[in-house]
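Chains, contacts and geometry: an overview
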Amino acid sequence: MSCRCLKGRKFKQIKRGTVKSLVLFIKKHPQTFNLIAELVNSFRPTDSERVIAERIFLTVREISEPGLLNFKDSSNLLKILKEFFLHSTDKRRGDFLEALVSKFGPFFFNERCRRVNQCKMYKRSSLISTKEIDVAFSSTNYLELHECKSNMGRQWRDPLYPKTKKGGKLNFLNALPNLCKNGKEVIPVCSGLDGRISTKVIKQTFKRYGYKNIKVIGRNNIERAVNG
């Protein structure tokens, strides 16, 4: 019997408000994705409103000056980003990434699939763990499971041993392909909005700790899906 991810939330509960507006804007203007994702990834909870406002303005200007957007669309983007970052939290940025992964995934197989958000893993009728999967894509032959962090470089820092909180989640994800090996091919993935270098460092870190079953995708991987 294959493992399944059950009892999740509806996608519309995650993709709502400014998260929905930003995802729809990127879908309509995929050429803007990289710079918007870089802005979200660079956010720090300790940033002042002045710093955030300046970064938003510079991002929109960087998108507009080469002619990627006309004035009307640039103004609309500026408005969306201001609303997105107003009283922003890690949850909102996490929901944005989760909405992107949900909208443009799966990333490691090409079959018709069912998507479930914020679910828990079961084998037969038994709950494997109370640990939550952010996004699960299930097809006839594959089960792709995502742990979404808008800034993986901040999240997956040393130490990541199995007995630590962060390491415990990675150890759980890493064990799933073997735990579920009698069913579908299980593909655990850590996804984020990090650039190429940071994504490479995370891959090396996971390898060093022995989490060799976990795939890692960053901003460039998601951008290819957005533009695909």
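Here the structure is a predicted model, which is why all the values come from computation and not from measurement.

Within the protein chain, the secondary structure is distributed over 10 helices and six strands. Relative to the 2.2 N^0.38 estimate, which gives 17 Å for 228 residues, the radius of gyration of the protein chain is 18 Å and therefore close to what a compact globule would have. Dimensions along the principal axes, computed over C-alpha positions, put the protein chain at roughly 55 × 35 × 25 Å. Counting only residues that meet the buried cut, the protein chain has 48% of its 228 residues in that class. In the protein chain, of all internal contacts separated by at least 6 residues, the share reaching a separation of at least 24 is 72%. Accessible surface computed for the protein chain: about 12100 Å², of which carbon and sulfur atoms make up 49%. When the 46 positive and 20 negative side-chain charges of the protein chain are each reduced to one mean point, those points stand 7 Å apart.

Glancing now at the pattern of salt bridges. Enumeration over the complete set of coordinates arrives at seven salt bridges. Across the salt bridge formed by Arg61 and Glu65, the nearest N and O atoms sit 3.8 Å from each other. By relative accessible area, Arg61 is classed as partly exposed at 39%. By relative accessible area, which is 61% here, Glu65 ends up exposed. Among the ionic pairs, Lys91 bridges to Asp95, the shortest N-O distance being 2.9 Å. Of this pair, Lys91 and Asp95 both sit in helix H6 (residues 90-104), four residues apart, which is roughly one turn of the helix. By relative accessible area, which is 10% here, Asp95 ends up buried. Counted as one network, the salt bridges with shared partners bring together Glu147, Lys149 and Lys169.

Glancing now at the pairing of strand E3 (residues 126-138). The pairing of strand E2 (residues 114-123) with E3 spans eight bridges and is antiparallel. The partner of Asn117 across the bridge, within E3, is Val135. Taking the residues that link successive antiparallel strands as the turn, the E2-E3 hairpin has two residues, and the phi of Arg124 there is positive, at about 60 degrees. Turn length for the E3-strand E4 (residues 142-148) hairpin, with the two strands adjacent in sequence and antiparallel, is three residues.

For the rest of this paragraph, the subject is the environment of Ala136. Inspection of the secondary structure assignment puts Ala136 in strand E3. Sequence separation between Ala136 and Val189 is 53 residues; the distance between their C-alpha atoms is 9.8 Å. Each residue touching Ala136, except ones within four places of it in the same chain, is listed here: Cys5, Arg114, Arg115, Val116, Cys119, Glu144 and Leu145.

Quick look at the packing of aromatic side chains now. By the definition in use, this model includes eight aromatic pairs. Judged by centre distance (6.0 Å) and plane angle (75 degrees), the rings of Trp156 and Phe206 are edge-to-face. You can see Trp156 sitting in the loop between helix H7 (152-155) and helix H8 (165-179) and its partner Phe206 sitting in helix H9 (residues 196-209), a full 50 residues away along the chain. No difference in accessibility class separates Trp156 from Phe206, as the two residues are buried. Sitting over the ring of Phe11, Arg115 keeps its end group 4.2 Å from the ring centre.

Before going further, it helps to spend a moment on the sheet that holds E3. The mixed open sheet is built from six strands, whose spatial order is E1-E2-E3-E4-E5-E6. Two strands bound the open sheet, and with one partner strand each, they are strand E1 (3-6) and strand E6 (215-217). If you compare each strand with its neighbour and ignore which way they point, the axes differ by 45 degrees on average. Bridge analysis of E3 against E4 gives four bridges, and the strand direction is antiparallel. Across the sheet, the residue bridging to Ala136 is Leu145, located in E4. The strands touched by H6 are E2, E3, E4 and strand E5 (185-191); relative to E3, the strand with the most contacts, the crossing angle is about 65 degrees. Across the sheet, H9 touches E5 and E6, and the angle it forms with E6 is around 165 degrees.

What counts and how
Residues numbered from 1 in each chain as written. Predicted model: local features only at pLDDT ≥ 70, side-chain atom pairs only at ≥ 80, totals over all residues. Heavy atoms only, no water. Helix = DSSP H or I, 4+ residues; strand = E, 2+ residues; numbered from the N terminus. Rg over C-alpha atoms; globule rule 2.2 N^0.38 Å. Buried < 20%, exposed > 50% of the residue type's maximum accessible area, 1.4 Å probe, protein only. Contact = heavy atoms within 4.5 Å. Areas by Shrake-Rupley, 256 points an atom, 1.4 Å probe, with all protein chains shown as cover. Lys, Arg positive; Asp, Glu negative; His and termini not counted. Charge placed at Lys NZ, Arg CZ, Asp CG, Glu CD. Salt bridge = Lys/Arg side-chain N within 4 Å of Asp/Glu carboxyl O. Pairing = 2+ DSSP bridges. Phe/Tyr/Trp six-rings, centres within 6.5 Å; stacked < 30°, edge-to-face > 60°. Lys NZ or Arg CZ within 6 Å of the ring centre and 35° of its normal. Axes fitted to C-alpha atoms, helices over the stretch in contact; angles between N-to-C directions.

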